[in-house]
Amino acid sequence: MKKILMVCLGNICRSPLAEGILQSKLSSEFFKVDSAGTAGYHVGELPDERSIEVAKKYGIDITNQRSRKFVISDFKEFDLIYAMDESNYHNILSIIDDNEDAQKVKMILNEQYPTESRNVPDPYYGGNQGFENVYKMLDEACEIIASKLEN
Ligand code: 4NP
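Since we're looking at a predicted model, the values are computed, not measured. (Residues numbered from 1 in each chain as written. Predicted model: local features only at pLDDT ≥ 70, side-chain atom pairs only at ≥ 80, totals over all residues. Heavy atoms only, no water.)

Trainee: Sorry, what's going on with unusual backbone geometry here?
Mentor: Most peptide bonds are trans, and most residues other than glycine sit at a negative phi. You will see that N11, though not glycine, has its phi angle at about 55 degrees, which is positive. Mapped onto the elements, N11 comes out in the loop between β1 (2–8) and α1 (14–25). The exposure class assigned to N11 is buried, which follows from its relative accessible area of 3%. (Helix = DSSP H or I, 4+ residues; strand = E, 2+ residues; numbered from the N terminus. Buried < 20%, exposed > 50% of the residue type's maximum accessible area, 1.4 Å probe, protein only.)

So this is what it looks like as structure tokens:
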């Protein structure tokens, strides 16, 4: 079983979408996909309604998800950890000193824009268009991730 973790700040907008999208492209028999936030502001909550809506529009149900905080044991539990932006990336790396763990952490948009370290913009304070935009970026990234994992 290969395990992949998606990480953003609140685990209610971006990483729940990344989790739902990647899960929809992989067989649950061989892959576990989860998500977490570097901050605990929304622990236990459902994804943001706007994330739920945009996912639903593309046929993905993310209402089974509840926000949780990233924990140190996630480094051992997961094989790959995708950060949504540079701030998440640095927050994740700041709590480890094991080089092997550090290798697991990647910026998700480096899948389609290698080495550019582009951020998935935080859509929390914007409108629905921001969520649509985030969905498209994540769908593109997850398509690449899924095809690599399945080969
Ligand atoms: P996310 O978005 O990191 O994509 O889940 C945010 C959600 C909540 C907050 C910030 C970003 N907040 O400040 O509460």
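Trainee: What is the right way to read the site of the ligand from this model?
Mentor: Near the ligand the following residues occur: C8, L9, G10, N11, I12, C13, R14, Y41, H42, D122, Y124 and Y125. Side-chain polar atom of R14 to an oxygen atom of the ligand: 2.8 Å apart, as the coordinates give it. In this structure, H42 approaches the ligand through a side-chain N or O atom, which is 2.8 Å from an oxygen atom. In isolation the ligand has 350 Å² of accessible area, and contact with the protein removes 92% of it. Residues of the shell around the ligand, tallied by class, amount to seven nonpolar, three polar and two charged. (Near = heavy atom within 4 Å. Polar contact = N/O pair within 3.5 Å; in protein donor to acceptor, adjacent residues only side chain to side chain. Areas by Shrake-Rupley, 256 points an atom, 1.4 Å probe, with all protein chains shown as cover. Nonpolar A, V, L, I, M, F, W, Y, C, P; charged D, E, K, R; others polar.)

Trainee: Even after reading the chapter, I still don't get the environment of K3, so can you show me in this structure?
Mentor: Along the chain, the position of K3 falls in strand β1. In the structure, K3 is positioned 117 residues away from V120 in sequence and 21 Å away in space, judged by C-alpha atoms.

Trainee: I would appreciate a short explanation of the sheet that holds β1 in the present structure.
Mentor: Adjacent strands of a sheet form backbone hydrogen bonds with each other and so pair up, either parallel or antiparallel. In spatial order, the strands read β2-β1-β3-β4; together these four strands make up an open sheet with parallel pairing. The open sheet has two edge strands with one neighbour each: β2 (31–37) and β4 (105–107). Direction aside, the axes of adjacent strands within the sheet are offset by 25 degrees on average. As defined by bridge partners, β1 adjoins β2 across seven bridges and the pair is classed as parallel. Paired with C8 across the bridge in β2 is G37. Running over the sheet, α1 touches β1 and β2 and is turned about 155 degrees from β1. Of the strands in this sheet, β1, β3 (80–83) and β4 are in contact with helix α4 (residues 86–93), which crosses β4 at around 170 degrees. (Pairing = 2+ DSSP bridges. Axes fitted to C-alpha atoms, helices over the stretch in contact; angles between N-to-C directions. Contact = heavy atoms within 4.5 Å.)

Trainee: When you look at the pattern of salt bridges in this model, what are you seeing that I'm missing?
Mentor: Proximity of charged atoms lets side chains of opposite charge pair with each other. Enumeration over the complete set of coordinates arrives at 14 salt bridges. Here R14 ties to D122 by a salt bridge, and the two come within 4.0 Å at their closest N and O atoms. Taken together, the residues span a long stretch of sequence, with R14 in helix α1 and D122 in the loop between β4 and α6 (128–150) at a distance of 108 residues. Judged by relative accessible area, D122 falls into the partly exposed class, the value being 41%. One salt bridge connects K136 with E132, and the closest N-O pair in it is separated by 3.2 Å. Within this pair, K136 and its partner E132 are both found in helix α6, separated by four residues, close to a single helical turn. Salt bridges linked by common partners bring K3, K32 and E77 together as one network. (Salt bridge = Lys/Arg side-chain N within 4 Å of Asp/Glu carboxyl O.)

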